[in-house]
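Chains, contacts and geometry: an overview
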Amino acid sequence: MENTYAYALLLRGINVGGHRKVPMADLRVLLTELGHGGVRSYLQSGNAVFTSPEPDEDRLASAIERAVEGHFGFAVDCLVRGARYLRAIVDDCPFPAAELEGRQLHVTYFSERVDPERLAGIDPAAHLPEEFRLGDRALYLYAPDGLGRSKLAEQLARPSLFKGITATTRNWNTVVKLADMAAEAEA
């Protein structure tokens with residue numbers, strides 16, 4: 001019997017302001033046509049969970065990017081992360097997540113490890129009480145007034161900061177939900 005792995009797919013920058021529309025029903029069909037099993041989507045912001053015999057996240061992401069561009073007619077950066085990684089992101093949170101509202105805590109997932117030197121130009125003290133911490137191919141952001149009002153998030157979103165790296169952000173509720181959905185798919 002072939003091994004299967006459970007993954008979450010994170011699409012970057014879709015369904016925002018009526019642009020780059022990727023209906024989740026169409027995405028589910030596309031993922032199923034690619035041979036993935038147990039396909040489920042979450043919200044309309046480009047989150048899906050599926051199973052696959054492919055053990056390589058980057059190969060999966062590349063194949064899905066090609067399929068999405070072929071089907072929808074525009075390029076979309078995709079990150080694919082395994083169930084164990086997603087659970088580790090939740091478990092390793094450096095902030096007291098249980099005490100916070102989901103809108104106060106965010107995770108930015110990266111396509112690769114981020115060298116802390118990239119963030120050396122950001123003065124953490126200047127943004128308190130907002131804080132960030134690097135994790136495994138991720139950045140945790142505590143923004144007590146939410147992402148929309150966060151001056152630190154503004155600094156972290158500068159295009160030059162993570163040049164050459166795909167990055168996409170999810171609020172804590174979505175982070176936890178995707179980890180739970182991937183764990184269910186893996187079971």
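Above this text you will find the structure in question.
Residues numbered from 1 in each chain as written. Predicted model: local features only at pLDDT ≥ 70, side-chain atom pairs only at ≥ 80, totals over all residues. Heavy atoms only, no water.

**Structural notes on the packing of helix α3 (residues 83-91) against helix α5 (residues 172-186)**
Where α3 meets α5, the axes come as close as 9 Å, and the angle between the chain directions of the two elements is 145 degrees. The hand of the α3/α5 crossing is left-handed. Here α3 contributes Ala83, Arg84, Leu86, Arg87, Ile89 and Val90 to the contact with α5, which in turn contributes Trp172, Val175, Val176, Leu178, Ala179, Asp180, Ala182, Ala183 and Glu186. Taken together, the residues that form the contact of α3 with α5 break down as 11 nonpolar, no polar and four charged. (Axes fitted to C-alpha atoms, helices over the stretch in contact; angles between N-to-C directions. Helix = DSSP H or I, 4+ residues; strand = E, 2+ residues; numbered from the N terminus. Left-handed = near helix turned anticlockwise from the far one by under 90°. Contact = heavy atoms within 4.5 Å. Nonpolar A, V, L, I, M, F, W, Y, C, P; charged D, E, K, R; others polar.)

**Some points on the environment of Ala98**
Relative to the assigned elements, Ala98 resides in the loop between α3 and β5 (105-110). Along the sequence, Ala98 and Val22 sit 76 residues apart, while their C-alpha atoms lie 32 Å from each other.

**Let's talk about the sheet that holds strand β7 (residues 138-142)**
The strand order across the open sheet formed by four strands is β6-β7-β5-β8, and the pairing between neighbours is antiparallel. The sheet is open, and its two edges are formed by β6 (131-135) and β8 (167-171), each paired on a single side. Strand-to-strand, the axes of this sheet are offset by a mean angle of 20 degrees, without reference to chain direction. Note that β5 and β7 share five bridges and pair antiparallel. When the bridges of β7 are listed, His106 appears paired with Leu141. Lying over the sheet, α5 contacts β5, β7 and β8, oriented at roughly 95 degrees with respect to β8. (Pairing = 2+ DSSP bridges.)

**Section: the pairing of β7**
Across the five residues that make up β7, a large majority, five, are buried. Alternating residues of β7 divide into Ala138, Tyr140 and Tyr142 and Leu139 and Leu141, and every residue in both groups is buried. Bridge count between β6 and β7: five bridges; the pairing is antiparallel. Residue pairing in the sheet places Leu134 in a bridge with Leu139 of β7. (Buried < 20%, exposed > 50% of the residue type's maximum accessible area, 1.4 Å probe, protein only.)

**Examining the sheet that holds strand β2 (residues 37-42)**
The strand order across the open sheet built from four strands is β2-β3-β1-β4, with neighbouring strands paired in antiparallel fashion. Edge positions in the sheet fall to β2 and β4 (78-82), since each has one partner strand and no second. When the angles between neighbouring strand axes are averaged without regard to direction, this sheet yields 20 degrees. Of the strand pairs in this sheet, strand β1 (residues 5-11) and β4 are connected by five bridges, and their pairing is antiparallel. From the neighbouring strand, Tyr7 faces β4, where its bridge partner is Gly82. Sitting on the sheet, helix α1 (residues 24-33) is in contact with β1, β2 and β3 (47-52), with an inclination near 160 degrees to β2.

**Points about unusual backbone geometry**
Trans peptide bonds make up the majority, and among non-glycine residues the majority have a negative phi. Residue Pro129 follows Leu128 across a cis peptide bond; omega there is 10 degrees. Within the secondary structure, Pro129 is located in the loop between β5 and β6. Its identity is not glycine, yet Arg137 carries a phi of approximately 55 degrees, on the positive side. The residue Arg137 is located in the loop between β6 and β7 in this model.

**Observations regarding the pairing of β3**
Most of β3 is tucked away: six of the six residues are buried. A two-sided burial pattern is seen for β3, the buried positions comprising Asn47, Val49 and Thr51 on one face and Ala48, Phe50 and Ser52 on the other. Here β1 runs beside β3; their pairing, made up of six bridges, is antiparallel. When the bridges of β3 are listed, Tyr5 appears paired with Ser52.

**Quick look at the pattern of salt bridges**
Under the criterion given, the structure shown has 11 salt bridges. The salt bridge partner of Lys151 is Glu154, with a shortest N-O separation of 3.9 Å. Taken together, the residues Lys151 and Glu154, both in helix α4 (residues 151-156) and three residues apart, mark about one turn of the helix. For Lys151, a relative accessible area of 53% translates into the label exposed. Because the salt bridges share partners, they merge into one network encompassing Glu57, Arg81, Asp136 and Arg137. (Salt bridge = Lys/Arg side-chain N within 4 Å of Asp/Glu carboxyl O.)

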